[in-house]
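# Examination of the molecular architecture
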Amino acid sequence: MSQARRAAESFTAELGRAPLGVWSAPGRVNLIGEHTDYNDGFVLPFALPHRIAVAAAPRPDGLLAVTTISDNGKAQRAEPVAVADLEPGSVTGWPAYPSGVAWALRRQGLDIGGADLVIAGDVPAGAGLSSSHALECAVALALLGLAGHELDADGAPTRAEIAKWVQHSENDFVGAPTGLLDQTASLCCTRGNVLFLDVRSGESEQVPFDAAAKDLAVLVIDTRANHSLADSAYGDRRRGCERAAELLGVPALRDVTVDDLPSALRRLPEELGPLARHVVTENARVLETVALLRAGKMAEIGPLLTGSHESLRDDYRVSCAELDVAVDAALAAGALGARMVGGGFGGSAIALVPTEILRDVRQAVTAAFAERSFTQPRLFVAVPAAGAGRDHAGEHETDQNDKNA
Ligand code: GAF
């Protein structure tokens, strides 16, 4: 059953009336371009078939009442909050995510009123696949839809604008200093494509990505590790990059080219050099990857993926034992390239694998984890799925089927 249908049926069961509509948004993997978004750089994500769906209806009393439905169908209700009274710090824990979106939309002057929201989803939480952003994007579309701003309609807020508002909610209400990658991926990706986004200009291009047509597959390896360092380390890295840009006299590390790098490194203190080197070389790797994909040379992007991992591991220092084992085992078994994705310190890796050896790579990764007594990883093949939108009966069923690939 699609997540949209689960959310709609749960809404009716919990609240005794039908929702006005259902909106959903996907998780993502980033093919390449990690920790570049908050440096004004380039990213290349695609949407997963896994989605978070929000069934919604307006409430006349101005309260936001949110219920989530767990995998086993159990409902968890957050304390209803008055939308007009929302301010940073007023809501904590998971309800801060939907509340923050309502707050951010109101800050744009949008007439967001009370609502009942029932949320169901299957984006693995804590797996670095952007479940919280999928939740926020789906809530944003639901609240906008209830307020009469139908997505993609004439005069409606654009997807890129909504992504910025969701980022505002995440940064200033939830308190996580994240960039624009995940929200833009969830809102702007399209089925069958990776999204090449220039974060500084906001320009984007849908680049076709049909791995199966090249006898390849993108294997996602959710390591199930989630190290507590992640939040503080993310902020540290971000501040380090901002400081490096300041010392170099540029608006952001995006402005340093690979040719400038040797002289830039001479001017930076020892602890900031590797951060800058990662960002500069990663931006270059994204551009090379896009050029190869445009030229139909998907198999040749493998070394760029692996180069990205090495840079994240050695220079940016956001990998961990589980991610390194996943990458090394996949490569040793014949993957063309592999890398960690997302913020790091746990979560998921991806591997680009010839389909004829997919089974061997899966087995090699599973065996490597067993050998080290790590929790068994969750493995699936990811195919670029549709971005966020309003769900009409059965609309995302094809994507749902892709999850079983
Ligand atoms: C997390 C953040 F939310 C993104 O903005 C991005 O910085 C990513 O880590 C690293 O590329 O997912």
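Please read all numbers here as calculations on a predicted model, not as lab measurements.

## Some thoughts on the overall build of the protein chain
Of regular secondary structure, the protein chain possesses twelve helices and 14 strands. Scaling as 2.2 N^0.38, a compact globule of 405 residues should have a C-alpha radius of gyration of about 22 Å, and the protein chain matches this with 21 Å. Projecting the C-alpha coordinates of the protein chain onto the three principal axes gives extents of approximately 60 × 50 × 40 Å. With 405 residues in all, the protein chain has 53% of them scored as buried.

## Remarks on the packing of helix α10 (residues 321–332) against helix α11 (residues 358–371)
Remark: α10 packs on α11, axes separated minimally by 8 Å, with the N-to-C direction vectors making an angle of 140 degrees. By the criterion of interaxial angle, the relationship of α10 to α11 is oblique. By crossing handedness, the relation of α10 to α11 is classed as right-handed. Between α10 and α11, the contacting residues are Val325, Ala326, Ala329, Ala330 and Ala332 on the first element and Val361, Ala364, Val365, Ala368 and Phe369 on the second. A per-class count over the contact of α10 with α11 returns ten nonpolar, no polar and no charged.

## Focus on the UniProt feature "domain: GHMP kinase C-terminal" (unreviewed entry) in the protein chain
What UniProt calls "domain: GHMP kinase C-terminal" (unreviewed entry) maps, in this numbering, to residues 291–369. Strand forms 16% of residues 291–369 and helix 52%; the C-alpha atoms that close the span are 35 Å apart.

## A short note on the nonpolar core
Grouped together as the largest cluster of nonpolar side chains are 132 residues, with contacts concentrated most on Ala7, Val54, Ala138, Ala140, Leu143, Ala330 and Ala351. The leading source of residues in this core is helix α3 (residues 131–146), at eleven residues. Residues lining this core come from more than one domain, with at least three contributed by each of domain 1 (3–207 + 384–403) and domain 2 (210–382). Here Leu143 is in contact with Val101, Ala102, Leu105, Ile112 and Ala115, once residues within four sequence places are set aside.

## Thoughts on the site of the ligand
In the vicinity of the ligand, the contacting residues are Glu34, His35, Asp37, Tyr38, Thr178, Gly179, Leu181, Asp182, Gly342 and Gly343. Class assignment of the residues belonging to the shell around the ligand gives a composition of two nonpolar, five polar and three charged.

## Quick look at the domain arrangement of the protein chain
Interface size is often expressed as the accessible area that is lost when the parts come together. Under the domain assignment, the protein chain is made up of domain 1 (3–207 + 384–403) and domain 2 (210–382). Domain 1 and domain 2 are separated by 26 Å when their C-alpha centres are compared. Residues of the side of domain 1 that touches domain 2, tallied by class, amount to 14 nonpolar, nine polar and four charged.

## Quick word on the sheet that holds strand β8 (residues 193–198)
Sheet architecture is open: three strands sit in the order β2-β8-β9, paired in antiparallel fashion. Of all strands in the sheet, those bounded by a partner on one side alone are β2 (42–43) and β9 (204–208).

## Section: the UniProt feature "domain: GHMP kinase N-terminal" (unreviewed entry) in the protein chain
Here, the residues flagged by UniProt with the feature "domain: GHMP kinase N-terminal" (unreviewed entry) are residues 97–188. As a span, residues 97–188 carries 55% helix and 8% strand, and end to end its C-alpha atoms are 20 Å apart.

## Some points on helix α6 (residues 230–248)
End to end, α6 covers 27 Å across 19 residues, agreeing with the expected 27 Å (1.5 Å per residue, within 8%). Turning to α6, its buried residues are Tyr234, Arg237, Gly240, Cys241, Ala244, Ala245 and Leu248. The buried residues of α6 occupy an angular sector of 135 degrees when projected down its axis, which confines them to one face. Exposed positions of α6 whose direction lies more than 90 degrees from the buried face are Ser232, Gly235, Arg239 and Glu246. Turning to α6, the residues buried within the fold contact α7 (261–267) and α8 (273–294). Phi turns positive one or two residues past the end of α6, at Gly249, with a value near 75 degrees.

## Some details on the pairing of strand β1 (residues 21–30)
Within β1, nine of the ten residues are buried, which leaves the element mostly enclosed by the surrounding structure. Where β1 and strand β3 (residues 45–58) come together, nine bridges link them in antiparallel fashion. In the sheet register, Ala25 faces β3, and the bridge partner there is Ile52.

## Observations regarding the environment of Lys74
With respect to the helices and strands, Lys74 occurs in the loop between β4 (63–69) and β5 (75–77). In the structure, Lys74 is positioned 64 residues away from Ser10 in sequence and 9.6 Å away in space, judged by C-alpha atoms.

## Focus: the sheet that holds strand β13 (residues 378–382)
Pairing within the open sheet is antiparallel, and its four strands lie in the order β11-β12-β10-β13. Of all the strands in the sheet, just β11 (337–340) and β13 have a single pairing partner and so form its edges. Sheet twist, expressed as the average angle between the axes of neighbouring strands with direction ignored, equals 20 degrees. Note that strand β10 (residues 216–226) and β13 share five bridges and pair antiparallel. Each bridged residue has a counterpart across the sheet, and for Asp222 the counterpart in β13 is Arg378. Relative to the sheet, α10 contacts β10, β11 and β12 (346–354), its axis offset from that of β11 by approximately 175 degrees.

## Topic: the pairing of strand β7 (residues 115–121)
β7 sits mainly inside the fold: seven of its seven residues count as buried. Of the two faces of β7, the one holding Ala115, Leu117, Ile119 and Gly121 and the one holding Asp116, Val118 and Ala120 are both buried throughout. Relative to β7, β3 runs antiparallel, the two sharing seven bridges. Looking at the pairing, Ala57 lines up with Asp116 of β7. Looking at chain direction, β4 and β7 are connected through five bridges and run parallel. Residue pairing in the sheet places Thr67 in a bridge with Val118 of β7.

Calculation rules
Residues numbered from 1 in each chain as written. Predicted model: local features only at pLDDT ≥ 70, side-chain atom pairs only at ≥ 80, totals over all residues. Helix = DSSP H or I, 4+ residues; strand = E, 2+ residues; numbered from the N terminus. Rg over C-alpha atoms; globule rule 2.2 N^0.38 Å. Buried ≥ 20, exposed ≤ 12 C-beta atoms within 10 Å, placed from the backbone. Axes fitted to C-alpha atoms, helices over the stretch in contact; angles between N-to-C directions. Parallel < 35°, antiparallel > 145°, perpendicular 65-115°, else oblique. Left-handed = near helix turned anticlockwise from the far one by under 90°. Contact = placed C-beta atoms within 7 Å. Nonpolar A, V, L, I, M, F, W, Y, C, P; charged D, E, K, R; others polar. UniProt positions renumbered as here; feature names shortened; annotations may be inferred. Core = buried A, V, L, I, M, F, W, Y, C linked by C-beta atoms within 7 Å. Domains from an automatic or database assignment. Near = placed C-beta within 6 Å. Pairing = 2+ DSSP bridges. Expected span 1.5 Å × (residues − 1). Arc of directions from axis to C-beta.

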